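Structural features, examined
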Amino acid sequence: MKIFSAKQIKNWDSFTIKNEPIASVDLMERAAKACADWILKKFQQPTSFKIVCGKGNNGGDGLAIARLLIQNNFPVCVYIAESPSAGSGDFNINLLRLKEISSAIYFLESTESFPAINKDDVIIDALFGTGLNKKPSGIFKKLIVHLNNSGAQIISIDIPSGLYADVHSDGNAIIQARYTLSFQQQKVAFLLAENESFCGEVAILDIGLSQEYYNNEQTPFELIDKNTIEEIYVPRKPFANKGNYGYACLVVGSYGMMGAAVLSARSCLRSGVGKLTCYICKEGYTIMQTAVPEAMCAMFGTTFIKDIDNLKNFDVIGIGPGIGRHLSHKQLLQKVFKNSKGPAVLDADGLNILSSYPALYKSIPQHSILTPHPKEFDRLFGKSENDFERMELALKKAKELSVYIVLKGHHTLIATPEGKGFFNSTGNAGMATAGSGDVLTGIFTGLLAQKYTSLEACILGVYLHGLAGDIAAKKLSKEAMIAGDIIDYLGDAFIQISH
Ligand SMILES: NC(=O)C1=CN([C@@H]2O[C@H](COP(=O)(O)OP(=O)(O)OC[C@H]3O[C@@H](n4cnc5c(N)ncnc54)[C@H](O)[C@@H]3O)[C@@H](O)[C@H]2O)[C@H](O)CC1
Ligand SMILES: [K+]
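Cut-off values and rules
- Residues numbered from 1 in each chain as written.
- Chains lettered and ligands numbered in written order.
- Predicted model: local features only at pLDDT ≥ 70, side-chain atom pairs only at ≥ 80, totals over all residues.
- UniProt positions renumbered as here; feature names shortened; annotations may be inferred.
- Core = buried A, V, L, I, M, F, W, Y, C linked by C-beta atoms within 7 Å.
- Buried ≥ 20, exposed ≤ 12 C-beta atoms within 10 Å, placed from the backbone.
- Domains from an automatic or database assignment.
- Contact = placed C-beta atoms within 7 Å.
- Pairing = 2+ DSSP bridges.
- Helix = DSSP H or I, 4+ residues; strand = E, 2+ residues; numbered from the N terminus.
- Axes fitted to C-alpha atoms, helices over the stretch in contact; angles between N-to-C directions.
- Near = placed C-beta within 6 Å.
- Nonpolar A, V, L, I, M, F, W, Y, C, P; charged D, E, K, R; others polar.
- Parallel < 35°, antiparallel > 145°, perpendicular 65-115°, else oblique.
- Left-handed = near helix turned anticlockwise from the far one by under 90°.

Looking at an unreviewed UniProt entry, one finds the protein named Bifunctional NAD(P)H-hydrate repair enzyme, with Ginsengibacter hankyongi as its source organism. Within the UniProt record for the protein, the comment given under Subunit (unreviewed entry) is "Homotetramer."

1. As for the nonpolar core
Ile51, Val52, Ile124, Val251, Ala265, Cys278 and Ala394 are the most contacted members of the largest nonpolar core, which has 156 residues in total. When we break this core down by domain, the ones giving at least three residues each are domain 1 (2–219) and domain 2 (226–497). Every residue in contact with Ile124, bar those within four places of it in the chain, is listed here: Phe49, Ile51, Val52, Gly62, Ile65, Ile155 and Ile157.

2. Some thoughts on the sheet that holds strand 7 (residues 179–183)
Sheet architecture is open: seven strands sit in the order 4-3-2-5-6-7-8, paired in parallel fashion. The open sheet is flanked by strand 4 (105–108) and strand 8 (201–205), the only strands paired with a single partner. Each adjacent strand pair in this sheet contributes to an overall mean axis angle of 20°, direction not counted. Where strand 2 (residues 49–53) and strand 5 (residues 122–126) come together, five bridges link them in parallel fashion. Paired with Cys53 across the strands is Ala126, a residue of strand 5.

3. Considering the site of ligand 1
Neighbouring ligand 1 are 29 residues; Gly56, Asn57, Asn58, Gly129 and Gly131 lie closest to it. Of all the secondary-structure elements, those providing two or more residues to the shell around ligand 1 are helix 1 (6–19), helix 2 (24–42) and helix 3 (57–71). For the shell around ligand 1, the element with the most residues is helix 3, which contributes five residues. Among the residues forming the shell around ligand 1, the class breakdown is 11 nonpolar, 13 polar and five charged.

4. Some thoughts on the packing of helix 13 (residues 374–381) against helix 14 (residues 387–401)
Axis separation between helix 13 and helix 14 bottoms out at 12 Å; the angle between their running directions is 55°. With respect to helix 14, the element helix 13 is oriented oblique. Every pair of crossing elements has a handedness; the one defined by helix 13 and helix 14 is left-handed. Taken together, the residues of helix 14 that come into contact with helix 13 (itself represented by Pro374, Phe377 and Phe381) are Arg390, Leu393, Ala394 and Lys397.

5. As for the UniProt feature "binding site: K(+)" (unreviewed entry) in the protein
Here, UniProt's "binding site: K(+)" (unreviewed entry) annotation points to Asn58, Asp125 and Ser161. Across 104 residues in sequence, these annotated residues keep their C-alpha atoms within 9.4 Å of one another, forming a single compact spot. Along the chain, Asn58 falls in helix 3. Those residues in contact with Asn58 that lie beyond four places of it in its chain are Ala126, Leu127, Phe128, Gly129, Gly131, Ile157 and Asp158. Take Asp125: it is sitting in strand 5. Once residues within four sequence positions are removed from consideration, Asp125 is found in contact with Val52, Leu147, Ile154, Ile155, Ser156, Ile157, Pro160, Ser161, Ile175 and Ala177.

6. What about the packing of helix 9 (residues 258–270) against helix 15 (residues 436–449)?
For the pair helix 9 and helix 15, the least separation of the axes is 7 Å and the interaxial angle reads 40°. Like other packed secondary-structure pairs, helix 9 and helix 15 cross with a definite hand, here right-handed. For the pair helix 9 and helix 15, contact is made by Ala260, Leu263, Ser264, Ala265, Arg266, Ser267 and Cys268 and by Asp438, Val439, Thr441, Gly442, Ile443, Thr445 and Gly446, respectively. Across the contact of helix 9 with helix 15, the residue classes tally to six nonpolar, six polar and two charged.

7. Brief notes about the UniProt feature "binding site: AMP" (unreviewed entry) in the protein
Taking the numbering used here, the UniProt-annotated feature "binding site: AMP" (unreviewed entry) corresponds to Lys408, Gly409, His410, His411, Thr412 and Gly437. Across 30 residues in sequence, these annotated residues keep their C-alpha atoms within 14.0 Å of one another, forming a single compact spot. If you trace the backbone, Thr412 turns up in the loop between strand 16 (404–407) and strand 17 (413–415). Apart from the residues within four sequence positions on either side, Thr412 is in contact with Val406, Leu407, Asn424 and Val462.

8. Concerning the sheet that holds strand 11 (residues 275–280)
Spatially, 1-9-18-17-16-15-14-13-10-11-12 is the arrangement adopted by the 11 strands of the open sheet, whose pairing is mixed. Only two strands of the sheet have a single partner each, and these edge strands are strand 1 (2–3) and strand 12 (296–299). In this structure, strand 17 lies alongside strand 18 (residues 421–423), joined through three bridges in antiparallel fashion. Paired with Leu413 across the two strands is Phe423, which belongs to strand 18. Contacting strand 10 (247–251), strand 13 (316–319), strand 14 (345–346) and strand 15 (369–370), helix 15 runs over the sheet at an angle of about 170° to strand 13.

Below you can see the structure in the form of structure tokens.
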């Protein structure tokens, strides 16, 4: 699904009003109804709601939600943060509607008028939405701090007030929501780790914005969902043999780090590759042959891989998991780059070695997949001040080097050479465990060998990896699951996407 900017969302709103057509106040009612329905499912009597509104359309949503909750017999008090500017048209209409059924409407003009909040109250934050255009200051800033300090649960409408939807919210006072009820689609800000403490659990509510606008509007950002996967996944052919699914090579492991090698080899095989050879060190031979009998082994070096040959036989080479950092690995990388038939997969120490020799960047095979976590990314391309800056840098470097950068995180970002950014929607905190990156490298290598393009391998790979992790977490808990479990549930993940 495409992800639009705040400006595009405003245009989407206007397009829907004009073309559905629907009166803007009725669209606001639809949004408020979707929120009220969600709230009524979650909270029972005698929950008392304190609804804090600005004077824009986000505040208008808050007033309409107040009316709907009162009509469902909940105790509701409404607080409107005063400002010199007049309320928006739909805010004013909803204020009149609310006044007909409630007198518990208070205007906040100074800190003295801030309400006392009970820990059991539920606050609904409708102060600012996507129309936030400057840092909250004065009474707004103080109000945000007051609400955060109350200890009560906060439900933010559309976006936690104070947070910008698509740029870094540098030092802003921002609501720390327990839940965010956002309209129609995710916002880029929700997908970046730096905003984790503000958004809470995000629910996306469908308010029926125009499909035509969605189809025609261009945006660099997309959220990978089941529809994206359906377009990419290719079922196996009944008459296939192992030759149809490619020959992969993994350059992995060293003394003390054979676990990484085993994990990447197993996940590569579980991703459907036809044949796999692992280049490993002598000490790893018995380990690999015993743990992964389906893979062939070639030994080079004693405690670490020193040199390799015959790389031309392979459809794809993945390098990095567990290889450690040794001086001779520069030559190893050069050999891989020189002999790759097509794109390669670079991970872990493969990336760390690369970052020590920037002169090698330009010889990375076109459309290779680089899979750094934020620290590895910073080592490769320099430090970023915040997640938005890092995201922009990933897009810039992907274009410059003509590679796919898979920036790993809760919502892993795939930055493409065409300047697009795909966020993953599967995965969970249980996957923050040693070895889960090695599993991802194996999956990418296996998918590339099967002739998925680099973009397809990236999208399908991160989605399957996260989905297998989600299944593992459900069966085993986020705490107890380990990287090997992600591999064990890859089969269930394939079954889910193929039905
Ligand atoms: N997207 C949709 O389809 C729908 C969205 N709805 C809701 O509308 C808001 C966006 O409303 P808008 O009026 O454009 O902006 P806000 O309510 O976010 O507030 C803007 C308001 O406040 C002023 N302002 C902005 N920043 C500051 C600041 N730091 N300090 C003081 N004042 C500030 C600004 O000038 C405006 O006057 C969206 O989020 C949804 O909640 C519709 O209800 C339904 C469809
Ligand atoms: K809000």
